[in-house]
Amino acid sequence: MQVPLSAYLILSAYLFLVGVVGVATRRNALIIFMSIELMLNAVNLTFLAFARFLNSMDGQVIVFFVMVVAAAEVAVGLAIIIAIYRNRETVDVAELNLLKW
Amino acid sequence: MEILLFAGFATVAAVSGLLVVIQRQAVYSALYLVITMGALAGLYILLEGHFIWIIQIIVYAGAIMVLFLFVIMLLDLRREEVMWARRDRGQILLAAILSLVLLAQMVLALGRSYLPAAKAPAALAEGFGTTQTVGRLLFTDYLFPFEVTSVILLVAMVGAMVLAKKQFK
């Protein structure tokens, strides 16, 4: 018996929602960022599952591009967090409220 | 056999994924995320991603997470004293409830197998998921996105260096 497609999709949905809860709940900017990476990984799993079950290599190539863009995004995002920490001495997103009305 | 492997990797990924978001110290979250990515790499092997799982280990677990750990080390963060502040409690509860509802909806929707492919997965092409196939696609059908990603990486490098440069007064 093979592992059905829905098993992979449900696992991916669960990981994505764990990432969403992490982004919505935590105040530490680094952990929010890690939750975003978790969401990206969940989406990668979805792409690969569909690529396997539909016999299409497009899914795997897209995962490759997602990884490249994620790497670029992490580099820039962490640089921003470092710059914020230098100015504000904190990575607590609740403290970054200059634009709040 | 495949089911056992899937169950093992999926359980590890699910548990460590959950542990990523509920740690007090950022470094523990990063380490659990590394475990999650390793478990996902195992799942990618089951999905015939012979090139992608290696890239996952090298790029995600080996480079991105190392970058995270470097930044955590440089910022010298304290243990988060108040994880769920009183004034945030309402928002956190709302996020948790809505996520659970969405998860239930997704499980119901994805549990059915609409696609005929879900019941009988298509026979795979020769060399599916191998490095040769991915490479050939990257240099033929996906040549333009491939070149664009090189520009993206260059821009990200320059941007990160400019942002994190020490400001000399």
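In this text the structure is predicted, and so the values were computed from the model without any measurement.

## Some remarks on the overall build of chain A
Then step 1. Summing up its helical and strand segments, chain A has three helices and zero strands in all.
Then step 2. Listed by position from the N terminus, the elements making up chain A come as α-α-α.
Then step 3. On C-alpha atoms alone, chain A measures out to a radius of gyration of 17 Å, which is more than a quarter above the 13 Å that the 2.2 N^0.38 rule sets for 101 residues.
Then step 4. In terms of its C-alpha atoms, chain A occupies a principal-axis envelope of roughly 55 × 25 × 25 Å.
Then step 5. Look at the contacts in chain A between residues 6 or more apart in sequence, and 46% of them connect residues 24 or more apart.

## Focus: the nonpolar core
Then step 1. The biggest cluster of nonpolar side chains holds 74 residues, and the ones touching the most others in it are L30, M34, L48 and A49 of chain A together with L33 and L43 of chain B.
Then step 2. Listing elements by their share of this core, those giving two or more residues are α1 (5–25), α2 (29–53) and α3 (58–88) of chain A together with α1 (2–20), α2 (26–46), α3 (52–75) and α7 (143–164) of chain B.
Then step 3. Among the elements that take part in this core, α2 of chain A stands out by supplying 15 residues, more than any other.
Then step 4. Per-domain counts for this core show at least three residues from each of domain 1 (1–80) and domain 2 (127–169) of chain B.
Then step 5. The residues touching L33 of chain B, leaving out its near neighbours within four places in the chain, are M34, E37 and L38 of chain A together with V20 and M65 of chain B.

## Quick word on the domain arrangement of chain B
Residues and elements named next belong to chain B.
Then step 1. Taken domain by domain, chain B holds domain 1 (1–80) and domain 2 (127–169).
Then step 2. Computed over C-alpha atoms, the centres of domain 1 and domain 2 are 22 Å apart.
Then step 3. Counting residues at the interface gives four residues for domain 1 and five residues for domain 2.
Then step 4. Across the side of domain 1 that touches domain 2, the residue classes break down as one nonpolar, two polar and one charged.

## Quick look at unusual backbone geometry
Excluding glycine, most residues fall at negative phi; most peptide bonds, likewise, are trans.
Then step 1. Of note in the backbone geometry, N55 of chain A takes a positive phi value of approximately 55 degrees without being a glycine.
Then step 2. Residue placement: N55 of chain A occurs in the loop between α2 and α3.
Then step 3. The phi torsion at E48 of chain B lies on the positive side, around 60 degrees, for a residue other than glycine.
Then step 4. Within the secondary structure layout, E48 of chain B lies in the loop between α2 and α3.
Then step 5. Judged by C-beta crowding, with 18 C-beta atoms within 10 Å, E48 of chain B ranks as partly exposed.

## Focus: the environment of A10 of chain B
Then step 1. Tracing the backbone shows A10 of chain B in helix α1.
Then step 2. When the C-alpha positions of A10 of chain B and V107 of chain B are compared, they lie 15 Å apart, and in sequence the two are 97 residues distant.
Then step 3. Leaving out residues up to four positions away in the same chain, A10 of chain B has contacts with L11 of chain A together with L43 of chain B.

Analysis parameters
- Residues numbered from 1 in each chain as written.
- Chains lettered and ligands numbered in written order.
- Predicted model: local features only at pLDDT ≥ 70, side-chain atom pairs only at ≥ 80, totals over all residues.
- Helix = DSSP H or I, 4+ residues; strand = E, 2+ residues; numbered from the N terminus.
- Rg over C-alpha atoms; globule rule 2.2 N^0.38 Å.
- Contact = placed C-beta atoms within 7 Å.
- Core = buried A, V, L, I, M, F, W, Y, C linked by C-beta atoms within 7 Å.
- Buried ≥ 20, exposed ≤ 12 C-beta atoms within 10 Å, placed from the backbone.
- Domains from an automatic or database assignment.
- Nonpolar A, V, L, I, M, F, W, Y, C, P; charged D, E, K, R; others polar.

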